[in-house]
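Listed here are the chains, written in short residue letters.
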Amino acid sequence: MAAREEKGEDALVAEIEKKITETFEVFDRESNKTVDVREIGCIVRALGCFPTEAEVQKLLEQIEVEEPGGFVHLEHFLPVMTKVLLDKRFQPIPEDVILHAFEALDENKCGYITKDDLVKHLTQGGEPFTQEEMEDMLAVALDPETDILHYRDYRIKLVVDETKTFPFNG
Amino acid sequence: LTCITNSKKKNSHSDSTHPTAILIQKWYRFTMARLEMRRRYSLSIFQSIEYADEQDQLQVCDLPFFLFNYTAVNNTFLFAVAGNQGYRKLNCSPAKKFEKKIAVPDSYYGPRLSFPLTVEDANALLHAFRNEQLLHARYVLQLLSETRRVLKEMPNITHLSTSYSKEITVCGDLHGNLDDLLLIFYKNGLPSEQNPYVFNGDFVDRGKNSMEILIILFILGVGQEISEYILQDHWKQILSLLRDVFSWLPLATIIDSKVLILHGGISDTTDLDFLNALERNKVRDHIHVRVIFQHVAGKIQHISASGFTEPSGSNLPPDPALKEWKQILDILWSDPRSQNGCTPNKCRGGGCYFGPDVTAKLFERYNLKMLIRSHEFKPEGYEISHDGKVITIFSASNYYEEGSNRGAYIKLNPELTPRFVQYQVSKLTRRVGTIESSALKSLREKIYAHRSELISAFAQYDTNGTGRISVNDWAAAMESVLQLELPWRMLRSQLAQMNPDGEVDFMSCFYDLKMGQPIKEAQPALAETLCRYRKDLEIIFNIIDKDHSGLISLEEFSQTWRLFTSHLGIDIQDDSIDKLVLSIDYNKDGHIDFNEFLEAFHVVHRLEKKATS
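In short, a report on the structure. (Residues numbered from 1 in each chain as written. Chains lettered and ligands numbered in written order. Predicted model: local features only at pLDDT ≥ 70, side-chain atom pairs only at ≥ 80, totals over all residues. Heavy atoms only, no water.)

### Considerations on the overall build of chain B
Then, number 1: Scanning chain B for helices and strands turns up 22 helices and 21 strands.
Then, number 2: Per-residue burial for chain B yields a buried fraction of 56% across its 613 residues.
Then, number 3: Accessible area of chain B: about 27000 Å², with a carbon and sulfur share of 52%. (Helix = DSSP H or I, 4+ residues; strand = E, 2+ residues; numbered from the N terminus. Buried < 20%, exposed > 50% of the residue type's maximum accessible area, 1.4 Å probe, protein only. Areas by Shrake-Rupley, 256 points an atom, 1.4 Å probe, with all protein chains shown as cover.)

Rendered as structure tokens:
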């Protein structure tokens, strides 16, 4: 019984390692099994995880970063990331939790958030957006004529897009 | 753990919405990362397919009746040129013979040029071009003629100095993107003695069958839509003159004896003195002959997937012209990589991959400081490699699709420190959905075109004949047939269906894929072959169609097709070609409109919206 379980686990690990390798290689510009350390957050998220920036930083502490240049080699990334996926860390946020988060920012409960409020909350609180991140989000999310975020619509739009093309989906 | 505790402490006495801020930020960053991944793999798809096509086109070169000159026009203007010598030199013997031979009618309302060209003429051309006005054939011929005269006087390797101007601007591949060029001129000013430019090759788009875009270069040669004012004669003259002009483009540029600019890269045998001494306009003739030998060897290598290598002495005659040809191929097709050494460039089928050690050796030999090259797509428009010694510059923004990438150019000051300027001509930035569907469309075409091979590869894994195989096996089969090095597991959900047990129903790859217009008489194998070689056929048809009428006779088509398939070793029955040909001649006048024919072999997915014509 134990042997069969082990074989099952081995197969699972092999599958996970293949997925990690494939995703890693998409970000591997020169096809030499290294990526820029700044892309690690992207890769972890591309694999379906929902870490905060702080959690990404912590993960990086476990991975050797080659200097100069700040590159991470696949062989160092693989074991760490495999464990993350096996342990099912950094689980996704359920839809309704996101919705509640937006509602919490909507103080008057009118179904939308103004641009100024959005900028204030997201560039000052939590793990603040950079200016570029804020601009990008505004460009996509705001109604251009009224400068207002109708958060129910935005949330749905992005979630739908994502689940439609969720790689590694069943 | 301390990290998180601290931030919690900080948040406790601030606005109570902060805990939710982090949720939104977390989720947003997740979404952006996923978009970025989709964008990256879409670009991977485009690039892999493009390189695979390039290799195919190189192979078509050695067909006996194939005019290499034609390929040169469409495929290999990979030369660097210094673009600032202009106005001063166009001061004597304007192309008077064209003035006598070709009259410009009064009804023509486009720009009228007089030689020698002045800044006003240049501005008039740009203005006309922006407003999509036509340029008369006579002016095109005169311009080309003058350009050739100027280029002939230039050496193979041009030397520029920064002491005459504050900065030199270097632009990379433009691929026929006129909008990018106009944007660059708008941001950076027109070329002049005080504002010199170097254009580093790939000016015109690959594979276009009509010379519709001639990019502004040299002085400010204008590219335009040339239609009603062109008589058949002029087309031929323009084409022939254009080929000649391109054969005279210099091979490289050196700035301040320190910065080398060339299109592709270098190899461990690159010899700048040799390159400077050869007769560059003659090389294309050499290449025509040499290609036959090299590509026989190359094709065998390609089939056995062991890469493109130097011919061994045994099956090829020793030839001094071979050195010329290899030197040029190396500078046009090579790509830098971070591993040391110099290995054959299997992606391109020509040139090599060169490492930092090759660069260092060349720099030491010629006392250089920097190498600027183009030839490779870069999402940010530029990339620095080999520890700052090699810069790749790519100036065609949105190259694969709207929003796919930025373009960039370099400003070099007298200290030779590069400054990069990036741009993107479209307002529709980051439209990942569009890029992705476009990439997947190309990929599905490839899948359709290799249907038979894929089915046999799948069958080998399907030992029980269930029609289902594991994801691993499916991915392995896809890669072994298509050889595109793509993330197949990631793409699987877009390409094939999986059952609840986690197995792939491999035939589902081909569901929903069909030809745009059903060809009733065609065997499936024939249709597949036509689909795969559509681009090559396009090239060949254009050669046959000497009068550019868009029509070829049934006889010409049959002959061509037979030659083509026998050359490639494809076994197609004669009568199926005849049936096919007859069914394509829609109006039964004995001629095929080959554009319509080629359109018929575009693969369409059931769910794709029909493009409104």
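### Focus: the packing of helix α16 (residues 471–482) of chain B against helix α17 (residues 488–495) of chain B
All names here are of chain B.
Then, number 1: Relative orientation of the contacting elements α16 and α17 amounts to 95°, with a least axis distance of 10 Å. Relative to α17, the element α16 lies roughly perpendicular. In this structure, α16 contributes Val 471, Asn 472, Trp 474, Ala 475, Met 478, Glu 479 and Leu 482 to the contact, and α17 contributes Trp 488, Arg 489, Arg 492 and Leu 495.
Then, number 2: A per-class count over the contact of α16 with α17 returns seven nonpolar, one polar and three charged. (Axes fitted to C-alpha atoms, helices over the stretch in contact; angles between N-to-C directions. Parallel < 35°, antiparallel > 145°, perpendicular 65-115°, else oblique. Contact = heavy atoms within 4.5 Å. Nonpolar A, V, L, I, M, F, W, Y, C, P; charged D, E, K, R; others polar.)

### Here's the deal with the sheet that holds strand β7 (residues 335–336) of chain B
In a beta sheet, neighbouring strands are held together by backbone hydrogen bonds and run either parallel or antiparallel to one another.
Residues and elements named next belong to chain B.
Then, number 1: Taken together, the three strands give an open sheet; going across it, the order is β7-β9-β8, and neighbouring strands pair in mixed fashion. Two strands in the sheet have a free side with no partner beyond their single neighbour: β7 and β8 (342–344).
Then, number 2: Strand direction decides the pairing type here: β8 and strand β9 (residues 352–354), joined by three bridges, are antiparallel. Considered in β9, the bridge of Cys 342 is made with Phe 354. (Pairing = 2+ DSSP bridges.)

### Considering the sheet that holds strand β15 (residues 468–470) of chain B
Residue and element names in this part refer to chain B.
Then, number 1: Taken in spatial order, the three strands line up as β15-β17-β16 in an open sheet, and their pairing is antiparallel. Two strands lie at the open edges of the sheet, namely β15 and β16 (497–498), each paired on one side alone.
Then, number 2: In this sheet, strand β17 (residues 503–505) lies alongside β15 in antiparallel orientation, the contact comprising three bridges. Among the inter-strand pairings, Ile 469 is bridged to a residue of β17, identified as Val 504.

### Considering unusual backbone geometry
Then, number 1: Non-glycine residue Phe 90 of chain A carries a positive phi angle of around 55°.
Then, number 2: One non-glycine residue, His 375 of chain B, lies in positive phi territory at about 75°.
Then, number 3: Counting through the fold element by element, His 375 of chain B comes out in the loop between β10 (370–373) and β11 (382–385).
Then, number 4: Owing to a relative accessible area of 4%, His 375 of chain B belongs among the buried residues under this scheme.

### Examining the interface of chain A and chain B
Bring the parts together and some accessible area is lost; that lost area is often taken as the interface size.
Then, number 1: Across the boundary between the two partners, chain A contributes 50 residues, which contact 36 residues of chain B.
Then, number 2: The contact between chain A and chain B buries some 4600 Å² in all, and 63% of this surface belongs to carbon and sulfur atoms.
Then, number 3: Our enumeration of links across chain A and chain B arrives at four salt bridges.
Then, number 4: Salt-bridge contacts for Arg 29 of chain B lead to Glu 127 of chain A; the nearest nitrogen and oxygen are separated by 3.9 Å.
Then, number 5: For the interface between chain A and chain B, the tally reads 12 residue pairs in polar contact (both at pLDDT 80 or more).
Then, number 6: Mapped by element, the contributors of at least two residues to the side of chain A that touches chain B are α1 (2–26), α2 (40–46), α3 (53–61), α5 (95–105), α6 (115–124), α7 (131–141) and α8 (151–164) of chain A.
Then, number 7: Considered class by class, the residues forming the side of chain A that touches chain B number 24 nonpolar, 11 polar and 15 charged. (Buried area = accessible area lost by both parts, 1.4 Å probe. Salt bridge = Lys/Arg side-chain N within 4 Å of Asp/Glu carboxyl O. Polar contact = N/O pair within 3.5 Å; in protein donor to acceptor, adjacent residues only side chain to side chain.)

### Things to note about the pairing of β11 of chain B
All names here are of chain B.
Then, number 1: Only one face of β11 is buried: it carries Glu 383 and Ser 385, and the other face, with Tyr 382 and Ile 384, is open.
Then, number 2: Taken together, the four bridges between β11 and strand β12 (residues 390–393) define a ladder with antiparallel strand orientation. Within the sheet, the bridge partner assigned to Ile 384 lies in β12 and is Ile 391.

### Details of the side chain of Arg 39 of chain B
All names here are of chain B.
Then, number 1: On the secondary structure map, Arg 39 appears in helix α2 (residues 18–60).
Then, number 2: Residue Arg 39 is classed as buried on the basis of its relative accessible area, which comes to 11%.
Then, number 3: At 3.0 Å, the side chain of Arg 39 forms a polar contact with the side chain of Glu 36.
Then, number 4: Setting aside anything within four residues of it in sequence, one finds Arg 39 in contact with Pro 379, Ser 404 and Val 432.

### So, the packing of helix α15 (residues 451–461) of chain B against α16 of chain B
Residue and element names in this part refer to chain B.
Then, number 1: Where α15 contacts α16, the axes come no closer than 9 Å and their chain directions differ by 145°. Judged by the twist between their axes, the crossing of α15 over α16 is right-handed. From α15, Glu 453, Leu 454, Ala 457, Phe 458 and Tyr 461 reach across to α16, where they touch Asp 473, Trp 474, Ala 476, Ala 477, Met 478 and Val 481.
Then, number 2: Here the residues of the contact of α15 with α16 sort into nine nonpolar, no polar and two charged. (Left-handed = near helix turned anticlockwise from the far one by under 90°.)

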